[in-house]
Each structure stands twice: as C-alpha cells, then as structure tokens.
Amino acid sequence: MSDIQLKNIVKSYDGIHPVIDDFNLNIKDGEFVVLLGPSGCGKSTLLRIIAGLEEIDSGKVYLGEKDITKEEPKDRNIAMVFQNYALYPHMTVYDNISIGLQLRKIPKKEIDDAVANVAKVLNIEELLKRKPRQLSGGQMQRVALARAMIRQPKVFLMDEPLSNLDSKLRIKTREEILRLYQDLGTTTIYVTHDQVEAMTMATRIVIMNQGKIMQKGSPDELYFNPKNRFVASFIGTPQMNLVDLTLNHGHYHFANLQGKVSGEIESIVLGFRPEHVKLLPPQGTNDFTINLVEHLGSEKIITLKKDQVEIKAKTPPHGPWKRMEKCAIEIDDQYFYLFDPITEERI
C-alpha cells in the first residue's frame, strides 16, 4: 500500500512560531493530492517532511502501515521532483536519469532498459546524450520526471514543478504530468500556489494557510461549497466577489438577493462568483458603473463599481457593455454564500 498518513505534525524553525501546526492528513493509495495555498503557508515544508528532508518537532509520518518518521530519505522509496529540476550540469541526460541506479550497482543492461523505457514514455529519447545546458525548461522538467520515475517509487512528490516554465509550456507539461499519473496510478502529492493547476490535476485538493488545513475535498467541492471566506476567495479566477453588508433587524438585501440571518450578528459578508452575475440595462436606482472591460477572447471580465462596492462579472465575448456605462445586475440566487465577518466561517 502507498497511502500516506500525517499525524499531528508540528514543525517550527525558531521553536516559537510553527510553520506546520498540528497537521493531520490521510492520502489514499493512488490519489493525486494537491497542496494549495499562498506562499509561506507551509506546503513545501510539508512535502520535504514527507520526503525526509526536514525533521519534525513532533508527530508521525506513515507510508502504508510503516512508520517512516525517522527513516533516511534514501530508504523511503519516495521520489521528489523539485522546482529547479536539480540536474547535474556536468552529466548527460542519460546519467542524470540513471544516477540512482548506478549508485546501487544495478547491471548496465538493466539500467539501459530502464532509461530507454522512461525516455520513451516522456518522449526524450533524442535527448539522452545532451547536457542540461542544451535543454529547454520543458525538456529539463521531463528529465527530472524521468529520474523520479526510473526508481519506480511508491510515492511521487512534486514541488511547484511548473513554476519556471512559460504559460504555453506550463500547460503542455501539466498535461504530460497528468497523463503520466493516469497511466501509472502512483500516489502523487503536488505542491502549487496556482489554483488552475490544482483544479485541473487533482483528485483531491488540500487548501492550506499558516500551516493549517482550511478545507480539503474535490475541486468541485471546494469551488461550489467553500467552508470559509479564505477558501471562497482563494479558489476561482477572478476570485469570488465579497461584499460587506449591514443587517437591518437580521435582514440583508443586495441587488436581487434578500433574506434573513438568525443570531445576534450585525453584519455579514455576501459572496458570489463573477460568472453568476448577469448585467441588465440600467434601471435608474442601484445601478453600477462599468469601470473596466477586459477582453479575454472567450469572455469578458467586467469590473463594476457603486459607491464603495466593487465587483466583477464574466460576460460573453460579444456583449455590448462599454466602460463608463451604467447597468443593473442580477445574481443567480442558486449560487451565493454568506460568511460571518468575525470568524469568516460560512453561515
């Protein structure tokens, strides 16, 4: 079994402020789990803990039924792909891929066969005699993947492997990694701060902030059922519109939405996504002003403002709306969210 269990993990670099704070997570055999969160939230540190590259203050790490907390990285049967590829510049691609097998004194014929196999899978057969300086960023990333694959590990760890690539190459390499996962079915833990990567690749996403789990679930669960304001605002491009509303005897009203909230709170935060905003001809009262129109080819992103409230809407590409025009809005009443302004939890 290649499931990973993290139990009560605590990690601090200064002994006072935890980078990882009482962290618990079970990753099932064969899952593609993405750790998603802002820079500094602890996701790369957590990956290094699983790999054995960071010691922990307390807690346990299990691979299957085996406690690997104290095991050396080389004994964990876990392969890690780094952000900077970590290739040896003086070695050929062949040697970079096979270095681990060479150090284990594997017979050359077996090494040749193994290298040929992974090179074919990743379409880098013609690169085996080159040095890293002769490769593009995408080619270097595939070499790094090949070096991880050749070990036939129980778990792949990937630390922002696409962050150094341009946008076109990032999409292509993302597809290659996803295809590789679907072919091999190896348990994969992938770190990124890019929500598009997370949404398109993961079987399950774990959203982190300040060393803690904010929410975990499938991409659809996190997008359509956020538990708190942080998750709601982190998932989605553009991010969810969040509007502070003062309650009137528990009642709220914004555009076409209205309702009542129980309890003693005096205000709420209303959340709704740009794609759930419909623009209408101006109605004379409560109209918004169009401040910005962004043309994205397949759609437009329109920024609207009224008093101190600014929101965004997604519209079809050939809509008639122009900057400085007035318009009314209508929000899809199936897709809106209410959050407590103090706890930031969903109401």
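Everything that follows concerns the structure shown earlier in this document.
Quick summary incoming for the structure in this document. (Residues numbered from 1 in each chain as written. Predicted model: local features only at pLDDT ≥ 70, side-chain atom pairs only at ≥ 80, totals over all residues. Heavy atoms only, no water.)

**Here's the deal with the sheet that holds strand E18 (residues 309–315)**
Two modes of strand pairing occur in sheets, parallel and antiparallel, and in both the strands are linked by backbone hydrogen bonds. With antiparallel pairing, five strands are arranged side by side in an open sheet as E15-E19-E16-E17-E18. Because the sheet does not close on itself, it has two edges, and the strands there are strand E15 (277–280) and E18. Averaged over all adjacent pairs, the angle separating strand axes in this sheet is 40°, with direction ignored. Summarising the sheet, strand E17 (residues 300–306) and E18 pair through seven bridges and their orientation is antiparallel. By the bridge assignment, Ile301 is partnered in E18 with Lys314. (Pairing = 2+ DSSP bridges. Helix = DSSP H or I, 4+ residues; strand = E, 2+ residues; numbered from the N terminus. Axes fitted to C-alpha atoms, helices over the stretch in contact; angles between N-to-C directions.)

**Describing helix H4 (residues 137–149)**
Here H4 is 13 residues long and its end C-alpha atoms lie 18 Å apart, about the 18 Å a rise of 1.5 Å per residue gives. Within H4, 11 of the 13 residues are buried, which leaves the element mostly enclosed by the surrounding structure. Residues of H4 that are buried include every one of Gly138, Gln139, Gln141, Arg142, Val143, Ala144, Leu145, Ala146, Arg147, Ala148 and Met149, and no others. Buried residues belonging to H4 abut strand E6 (78–81), helix H2 (93–103), helix H3 (108–121), strand E7 (155–159) and helix H5 (167–184). (Expected span 1.5 Å × (residues − 1). Buried < 20%, exposed > 50% of the residue type's maximum accessible area, 1.4 Å probe, protein only. Contact = heavy atoms within 4.5 Å.)

**Quick look at the pattern of salt bridges**
Scanning the entire structure with this criterion turns up 13 salt bridges. Between Asp113 and Lys109 there is a salt bridge, with the nearest N and O atoms lying 2.8 Å from each other. Residue Asp113 and its partner Lys109 are both found in helix H3; the two are separated by four residues, about one turn of the helix. When its relative accessible area of 58% is taken as the criterion, Lys109 is described as exposed. Between Asp307 and Lys306 there is a salt bridge, and its shortest N-O distance comes to 3.3 Å. Salt bridges sharing common partners tie together Lys11, Arg48 and Glu54. (Salt bridge = Lys/Arg side-chain N within 4 Å of Asp/Glu carboxyl O.)

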